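What follows is each chain in one-letter form.
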Amino acid sequence: MRLISRILSLSVMLNFLFDPLFGQQLMTMDMVHHNPGEPQTKSRFLDPSFLKASGYDAKVFFLFEAAQFGLDWQNFDKNIFPENTERRKWVEDKNTVLQQKYTEAKQAGLNVYCMLDMLVFPQELIQKYKTEMCNGSGRIDIGKPFTQKAIRSLINQIFDRYPQMDGLIIRTGETYLHDAPYHKGGSPLVNGYSDHVILINILREEVCEKRNKQLFYRTWDFGRFHSLPKYYLEVTEQVKPHKNLYFSIKHTIVDFWRSAVTQGDPDYSKFNVYWQDEAAKYGIPFNPCIGIGKHQQIVEVQAQREYEGKGAHPNYIGKGVIDGFEELKASGTKMPYSLNQVKNNPLVKGVWTWSRGGGWYGPYITNEFWNELNAIVMAQWAKNPNKTEEEIFNDFARNKGLDEKDIPKFREICLLSADGVMKGQYSMMGGVYMNWTRDNTISGLYFLRPYFDKIIADNRIRAYLDEKTEALSIWKRIEKLSKELHFKDKETQRFVYISSVYGRLKFQLFDAAWKVMLNAYAEEKQGKVDLVKLRAHLKYFDDTLTQWQKFVTDNPESASVYLTSYYEDEQEVGIATTLAHYRKLLNKNGGND
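Residues numbered from 1 in each chain as written. Predicted model: local features only at pLDDT ≥ 70, side-chain atom pairs only at ≥ 80, totals over all residues. Heavy atoms only, no water.

## Topic: the environment of Phe286
Mapped onto the fold, Phe286 is located in the loop between helix 9 (276-282) and strand 9 (296-302). Since its relative accessible area comes to 7%, Phe286 is described here as buried. As for Phe286 and Val261, which are separated by 25 residues in sequence, their C-alpha atoms are 10.0 Å apart. (Helix = DSSP H or I, 4+ residues; strand = E, 2+ residues; numbered from the N terminus. Buried < 20%, exposed > 50% of the residue type's maximum accessible area, 1.4 Å probe, protein only.)

This is the structure:
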């Protein structure tokens, strides 16, 4: 704790050395995160010229466009991808595609980066050298000299084959191999955080020193290295700073969720992990690892919020990320809680947006207007952090051809959307499981039961249900305002309206879902369910879902509708299961009290 306190104090002191009137310009980079295992996303953000015109400095190629998949390993072992084999052809075809994409980005004036999972190697390499590379459990062990030799070879092959590449982004927290049929691997963490140190120092030497290229090491994991200063410092204090080395951190302490912060200045040293349970109990503050330590950092921001509709409806996060979400301000959270409060910290060097993607499956959108708004505001602010978020927002509206007189209404829609998502999906009171709905799914009591138990025990059923009703009122206001906007492009004008109706229907269904589940569950625990009320709430849910499905069918501009039935780990967890339980209860009692 003494070390952390000293470092935090130093960071605060350094901030005063930077005149806030002359804040540093931050680097900007963007990535389209394609859905694993699905056809690649179609997006303007894949076009390097569009990125350059939008104020970006760099394009990040996603995992399955990473340079490691275009390597034939011939200078390491010719039998890994031998000639005249199916796997060699796959690598050569991949190389052809990557060369073209990297060159196009470079010719547009962008820096070229790719994100790759580590440790991932050709299957044949791992199988042939399993004894030299793996531990007794069959996991690749970075502590083994042969594994380190293979990593160094991987890096050298990448930069020798792809001179367009300006640097690498390393992910270790998860491993996706959906579109890599001839590779395998997993996290390098086999022996503890010392494995991070070994890997970073190897990459630092090979990428930053020998090649003078940039290295961005993502801290992303499930609530430790990414979330808690003690783990972040444990790793990074064992690595010497370098001008080309950066650590990449999400702006949230956990994933791209929101939740009310119930403790404004927690002692993070007392946590061994900060993940879903902790986030539900204590909230989701700004990531406390941002701006501490001695290394340069970039901040990750998701424009197409995977947990909150993926751009199917208004969901403006620009003001919340730049100036602070309302739930952070309301809680008396200790600063910093926004990018504006760290923009002059000499360690914070850039913003990395994910303009599209993150998560899985749908909802599938037909227009990326709302994602573009989030991404462009973030990029333009990073290029000039002394401009206000509102100035940049208004510029975006003008560039989209919105009548000047309508900009205040458009801004009201966007600010209301942040409030409507928070109250309709999460809670300003906290205590809600963040993933009860995510991507295009809605779960039921399978996930929410323990959280409902706490709400019931605290005698706050009415407060939580009223909050969902308030959220619906917000979305009705958004829908009304969307009819009053006038864009030059009628397609844009129609999409803003259609997506606003979609949002209202979605959050109307959430309101109905909570009325069914929380009321009936609480009454069931007490031994007597009000069947008349239950029938009315089930009808409210069914009617809303039918309206939503018909609306999506009748309006092809709309995103796809959510699923009420789905499986996780071979277990049915969708809300349909919960509803079926209460329908059965109704039928058993004939629907009478």
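So, next bit.
## Some points on the pattern of salt bridges
Counted under the stated rule, the structure contains 51 salt bridges. A salt bridge links Glu308 to Arg305; the nearest nitrogen and oxygen atoms lie 3.0 Å apart. Here the two residues Glu308 and Arg305 agree in accessibility, since each one is buried. Notably, a salt bridge pairs Glu390 with Arg411, separated by 3.7 Å at the nearest N-O pair. Of this pair, Glu390 sits in helix 13 (residues 389-399) while Arg411 sits in helix 14 (residues 407-425); the two residues are 21 residues apart in sequence, bridging distant segments of the chain. Owing to a relative accessible area of 39%, Glu390 belongs among the partly exposed residues under this scheme. A single salt-bridge network, built from bridges that share partners, covers Asp72, Arg88, Glu92 and Arg161. (Salt bridge = Lys/Arg side-chain N within 4 Å of Asp/Glu carboxyl O.)

## Some remarks on the pairing of strand 10 (residues 348-357)
Among the 10 residues of strand 10, nine are classified as buried, and the element is accordingly described as predominantly covered. Direction of pairing for strand 1 (residues 27-33) relative to strand 10: parallel, over a ladder of seven bridges. When the bridges of strand 10 are listed, Met31 appears paired with Trp354. (Pairing = 2+ DSSP bridges.)

## Describing the packing of aromatic side chains
Centre distance and the angle of the planes are the two values used to describe a pair of aromatic rings. The full count for this structure, using the stated rule, is 50 aromatic pairs. Here Phe452 and Tyr521 contribute two aromatic rings whose centre-to-centre distance is 6.4 Å and whose plane-to-plane angle is 45 degrees, an arrangement assigned as tilted. Taken together, the residues Phe452 in helix 15 (residues 445-457) and Tyr521 in helix 17 (residues 490-526) connect sequence positions 69 residues apart. Note on accessibility: Phe452 and Tyr521 belong to one class, buried. Ring centres 4.8 Å apart and planes at 5 degrees place the aromatic pair Trp475 and Phe507 in the stacked group. Within this pair, whereas Trp475 is found in helix 16 (residues 461-482), its partner Phe507 is found in helix 17, the two being separated by 32 residues in sequence. Residue Phe507 is classed as buried on the basis of its relative accessible area of 1%. Through a chain of ring-to-ring contacts, the aromatic side chains of Trp436, Phe452, Tyr464, Trp475, Tyr502, Phe507, Phe510, Trp514, Tyr521, Trp548 and Tyr562 assemble into a single cluster. Lying over the aromatic face of Trp220, Lys250 brings its terminal NZ or CZ to 3.5 Å of the ring centre. (Phe/Tyr/Trp six-rings, centres within 6.5 Å; stacked < 30°, edge-to-face > 60°. Lys NZ or Arg CZ within 6 Å of the ring centre and 35° of its normal.)

## Regarding the nonpolar core
Ranked by internal contacts, the top residues of the largest apolar core, which has 183 residues, are Phe121, Leu168, Phe410 and Trp514. With near-sequence residues (within four places) excluded, Leu168 lies in contact with Tyr113, Cys114, Leu116, Ile155, Ile158, Phe159, Val207, Gln214, Leu215 and Phe216. Counting residues in each nonpolar core, the second largest holds 18 residues, with Met29, Ala58, Val60 and Phe62 among its members. (Core = buried A, V, L, I, M, F, W, Y, C linked by side-chain atoms within 4.5 Å. Contact = heavy atoms within 4.5 Å.)

Worth remembering: the numbers are spatial, not functional.
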